[in-house]
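A look at the structure
The primary structure of each chain is shown beneath.
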Amino acid sequence: MAIKQKQLLSEMPIAQTNIKPYWLPFSSNRKFKDNPRVIVSAEGCYYLDADGRKIFDGLSGLWCCAFGHNRPEIAEAVNRQLLELDYSPAFQFVHPLVIELANRIKDITPAGLDHVFFTTSGSESVETALKMARAYWHHKGKPEKTRLIGRVRGYHGANFGGISVGRIEPNRLPYGELITADHLPHNILPENAFSRGIPEHGIELADVLEELIDQHGASNIAAVVVEPFAGSGGVIVPPHGYLQQLRESCNKHDILLIFDEVISGFGRTGSTFGAEHFGVFPDIMCLAKTLTNGTIPMGAVVASAMIYEGFMDTDTPEHTVEFTHGYTYSGHPVACAAGLAAMDIFEQEKLTDRVHELAPYFEELIHGLRGTKHVTDIRNIGLAGAVQIEPVSNDLVRRPFDIGVACWEKGLYVRWAGDTLQIAPPYVCEKEQLDEAFNILSDCIGEVA
Ligand SMILES: Cc1ncc(COP(=O)(O)O)c(C=O)c1O
């Protein structure tokens, strides 16, 4: 019955379906509904649209389907799990897969990150990490340590905590009062334009953390939260030594360091985690997206023993809840099945090595766009890149929007966001597929008004 219904839906021309009730997230609904882009299936590195056209997936879905689409190993594991245990209560009970996955995540994340708390998205992972940081200090008898510090152009999801520590202005503007947070500057500097990989300049921007600590007092600051490289803000890679300096300031002043690795986790940089790539290790790490290869919503927050023990080392009776936080779908058995199967693929196919191998080729291709009309900067790391496009007067978005739609029409999906086009192909793609993708991108940038 379910399969029959699915076939009918995907075969139905979109003009005959009424799209109006559907309110798309982070989308220009009015424009979209004039000419909807409809994806009906996927395979490997490609989507198939409602007109039967093959479209290269240049952003691994939304940075999440890095191991390629429709992996049978994941589908089979999910199917088996649905018939074995479809749901089990997350609070006060466990099931075998959640234990297994927690151990796998503990083993794959950097040494010292030993305790795994499950969520169902990146936004929830960030929210959880922020609450965890504040509650940690509360447990340690320092309840005044609540202030949070993020970065300009950081993206930490769409929930109130995430938009407070993140700073992409349109994502914050309409929502009134947010959680008090300060922001370190980003490092998109003229002298860093067109840097290949890690840029040279901007280490001094890490000094701003010391200034904020002077201003507010370390005794009021709970945590600094950054992405190892900012993804959705436009692939902003920190200069050599920058994250190290943040780590040292946090150590010196007893402030927690949270890495949001929702995008950088599971291989995107060419190392398994951004922490390893930059050789800097946080107290708390946020994960999601590629954890299940994008198949079933799931996130995780991985905390050091110091954080975990801070919660457990308390005078309250043992039957009381140490961290009054969690979600109905935390550690959902079906998501765990998907996560375990995804992790098998990641490890067995040595996909970090694959990214490492492809990254120089990707770098050549993306920097080959330098000199194309309207291109004002190009940034990249591993298999992630952004092309910054000159605005049309004050409208940052119009040109990237027109280029992104033109790419789609020519068989390439890339993300347009703010003044950038973002590219993050699946790790399993081939060089020829990248050649073709960048030919389309180059043509579409060149042709836009
Ligand atoms: C770094 C980072 N954190 C958090 C999120 C939020 O994840 P989600 O959309 O799954 O809530 C994203 C999503 O792009 C992200 O890139």
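Residues numbered from 1 in each chain as written. Predicted model: local features only at pLDDT ≥ 70, side-chain atom pairs only at ≥ 80, totals over all residues.

**With respect to the sheet that holds strand S9 (residues 284-287)**
Reading across the sheet, the seven strands line up as S4-S10-S9-S8-S7-S5-S6 and stay open at both edges, with mixed pairing between neighbours. Looking at strand neighbours, the two that pair on one side only are strand S4 (113-119) and strand S6 (181-184), the edges of this open sheet. Taking the axes of each pair of neighbouring strands and ignoring which way they run, one obtains an average angle of 20° across the sheet. Sheet analysis places S9 next to strand S10 (residues 299-304), joined by four bridges and oriented antiparallel. Looking at S10, one finds that Cys-286 is bridged to Val-301. Strand contacts of helix H11 (residues 305-312): S4, S9 and S10, with the helix running at about 85° to S10, the strand carrying the most contacts. (Pairing = 2+ DSSP bridges. Helix = DSSP H or I, 4+ residues; strand = E, 2+ residues; numbered from the N terminus. Axes fitted to C-alpha atoms, helices over the stretch in contact; angles between N-to-C directions. Contact = placed C-beta atoms within 7 Å.)

**Notes on the site of the ligand**
The environment of the ligand is made up of 14 residues, and the closest members are Ser-121, Gly-122, Ser-123, Gly-157 and Val-262. Class assignment of the residues belonging to the shell around the ligand gives a composition of five nonpolar, seven polar and two charged. (Near = placed C-beta within 6 Å. Nonpolar A, V, L, I, M, F, W, Y, C, P; charged D, E, K, R; others polar.)

**Re helix H9 (residues 242-253)**
Between its terminal C-alpha atoms H9 stretches 17 Å, which fits the 16 Å expected from 12 residues at 1.5 Å a residue. Inspection of H9 places Tyr-242, Leu-243, Leu-246, Arg-247, Ser-249 and Cys-250 among the buried residues, and these make up the whole buried set. Angular distribution of buried residues about the axis of H9 spans 165°; they occupy a single face of the element. Every exposed residue of H9 that faces more than 90 degrees away from the buried side is listed here: Asn-251 and Lys-252. Where H9 is buried, its residues meet helix H8 (207-216), strand S7 (221-226), strand S8 (256-260) and helix H10 (274-278). (Expected span 1.5 Å × (residues − 1). Buried ≥ 20, exposed ≤ 12 C-beta atoms within 10 Å, placed from the backbone. Arc of directions from axis to C-beta.)

**Points about the packing of helix H4 (residues 72-84) against helix H12 (residues 333-348)**
Closest axis-to-axis distance for the H4/H12 pair is 8 Å, and the angle between their directions is 155°. Taken together, H4 and H12 sit at an angle that is classed as roughly antiparallel. Where H4 crosses over H12, the handedness of that crossing is right-handed. Between H4 and H12, the residues in contact are Glu-73, Ile-74, Ala-77, Val-78, Arg-80, Gln-81 and Leu-82 and Pro-333, Val-334, Ala-337, Ala-338, Leu-340, Ala-341, Ala-342, Asp-344 and Ile-345, respectively. Residues of the contact of H4 with H12, tallied by class, amount to 12 nonpolar, one polar and three charged. (Parallel < 35°, antiparallel > 145°, perpendicular 65-115°, else oblique. Left-handed = near helix turned anticlockwise from the far one by under 90°.)

**Observations regarding the domain arrangement of the protein**
Partitioning the protein into structural domains gives domain 1 (2-67 + 351-447) and domain 2 (74-348). Its C-alpha centre places domain 1 at a distance of 26 Å from the equivalent point of domain 2. On the side of domain 2, 29 residues touch domain 1, which itself brings 31 residues to the contact. Of all elements in the fold, only helix H3 (60-63), helix H13 (351-367), strand S11 (375-381), strand S12 (384-389) and strand S15 (420-423) reach the threshold of two or more residues within the side of domain 1 that touches domain 2. Per-element tally for the side of domain 1 that touches domain 2: the top contributor is H13, with seven residues. Residue classes in the side of domain 1 that touches domain 2 are distributed as 16 nonpolar, 11 polar and four charged. (Domains from an automatic or database assignment.)

**Some words on the confidence of the model for the protein**
A low pLDDT means the predicted coordinates there should not be read in detail. Per-residue pLDDT for the protein has a mean of 96; in total, 96% of the residues score no lower than 70. In the model, residues 1-8 has pLDDT below 50 throughout and makes zero contacts with residues more than four positions away in sequence or in other chains. (pLDDT = per-residue confidence, 0-100.)

**Things to note about the environment of Thr-180**
Here Thr-180 lies in the loop between helix H7 (160-165) and S6. Residue class for Thr-180 comes out exposed when judged on the 11 C-beta atoms lying within 10 Å of it. Considered as a pair, Thr-180 and Gly-161 are 19 residues apart in the sequence and their alpha carbons are 9.3 Å apart.

**A short note on the packing of helix H14 (residues 398-410) against helix H15 (residues 431-447)**
It is at 9 Å that the axes of H14 and H15 come closest, and there the two elements cross at 135°. It follows that H14 is oblique to H15 by the angle criterion. H15 is crossed by H14, and the crossing has right-handed handedness. In this structure, H14 uses Ile-403, Ala-406, Cys-407 and Lys-410 to contact H15, whose residues at the interface are Ile-440, Leu-441, Cys-444, Ile-445 and Glu-447. Looking at the contact of H14 with H15 residue by residue, the classes come out as seven nonpolar, no polar and two charged.

**Let's talk about the nonpolar core**
Ranked by internal contacts, the top residues of the largest apolar core, which has 120 residues, are Ala-129, Ala-133, Val-224, Leu-256, Ile-258, Ile-284 and Leu-412. In terms of residues, this core owes the most to one element, H12, which gives nine residues. When residues of this core are assigned to domains, at least three map to each of domain 1 (2-67 + 351-447) and domain 2 (74-348). (Core = buried A, V, L, I, M, F, W, Y, C linked by C-beta atoms within 7 Å.)

**A closer look at the sheet that holds S15**
In a beta sheet, neighbouring strands are held together by backbone hydrogen bonds and run either parallel or antiparallel to one another. Judged by pairing direction, the sheet is antiparallel, and its four strands sit side by side in the order S11-S12-S15-S14 without closing on themselves. Of all the strands in the sheet, just S11 and strand S14 (415-417) have a single pairing partner and so form its edges. Within the sheet, the average angular offset between the axes of one strand and its neighbour, ignoring direction, is 20°. Of the pairings in the sheet, the one linking S14 to S15 comprises three bridges and is antiparallel in character. Each residue of the ladder has a partner; that of Ala-417, found in S15, is Thr-420. Lying over the sheet, H13 contacts S11, S12 and S15, oriented at roughly 175° with respect to S11.

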